[in-house]
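Architecture at a glance
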Amino acid sequence: MSDLLRKKQPGKIQRSQTVVPKNTFNIKDLETVPEKVQEPESTPVSVPKKTTVSNLVAEKSTTVRVNMSTKSKLNALVTLGIAQTVDEVTDLLINDYLTNILTKDERKQFEIILELYKRKMK
């Protein structure tokens, strides 16, 4: 226990060599950087982008609980390039369901219920 009370003299720290970076930055180098060689222009094929409701209005994000298999299916559709995000895939599927499967009366009911939900969120 008496060893704990004695103060030990700290050892000397040996200095090592100064480290020098391989490359250094100089603002003048930026001004004299040669321009990149331009590659021959190729005509990229552009796919017309469909605008969905989610693209028009920036809304708050939320979570929806779905099975892992449903999540995997949605992500597979995104990977195939159907849409950019899972949200857009979901919008496309809902819009397709509304136009092709629901009857006129069911669509009207859907619009009324959707409007009620929108008012409730405000």
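Residues numbered from 1 in each chain as written. Predicted model: local features only at pLDDT ≥ 70, side-chain atom pairs only at ≥ 80, totals over all residues. Heavy atoms only, no water.

Thoughts on the overall build of the chain
When you go through the chain residue by residue, the secondary structure sums to six helices and zero strands. Moving toward the C terminus, one meets the helices and strands of the chain in the order α-α-α-α-α-α. When the 122 residues of the chain are sorted by exposure, 7% land in the buried category. Working note: accessible area of the chain is about 13,300 Å², and carbon and sulfur atoms make up 56% of it. (Helix = DSSP H or I, 4+ residues; strand = E, 2+ residues; numbered from the N terminus. Buried < 20%, exposed > 50% of the residue type's maximum accessible area, 1.4 Å probe, protein only. Areas by Shrake-Rupley, 256 points an atom, 1.4 Å probe, with all protein chains shown as cover.)

With respect to helix H4 (residues 68-80)
If you check H4, its first and last C-alpha atoms are 18 Å apart, about what 13 residues at 1.5 Å a residue would give, namely 18 Å. Following H4 by one or two positions, Gly-81 adopts a phi angle in the positive range, close to 95°. (Expected span 1.5 Å × (residues − 1).)

What about helix H6 (residues 104-121)?
Between the first and last C-alpha of H6 there are 26 Å, a value that for 18 residues agrees with the 26 Å anticipated at 1.5 Å per step. For H6, a buried count of zero out of 18 residues is recorded, marking the element as mostly open to its surroundings.

Re the packing of H4 against helix H5 (residues 86-100)
Remark: H4 packs on H5, axes separated minimally by 9 Å, with the N-to-C direction vectors making an angle of 100°. Classified by the interaxial angle, the pair formed by H4 and H5 is roughly perpendicular. Packed against H4, whose contacting residues are Leu-74, Asn-75, Leu-77 and Val-78, the element H5 presents Val-86, Val-89, Thr-90 and Leu-93 at the interface. A class-by-class count of the residues in the contact of H4 with H5 yields six nonpolar, two polar and no charged. (Axes fitted to C-alpha atoms, helices over the stretch in contact; angles between N-to-C directions. Parallel < 35°, antiparallel > 145°, perpendicular 65-115°, else oblique. Contact = heavy atoms within 4.5 Å. Nonpolar A, V, L, I, M, F, W, Y, C, P; charged D, E, K, R; others polar.)

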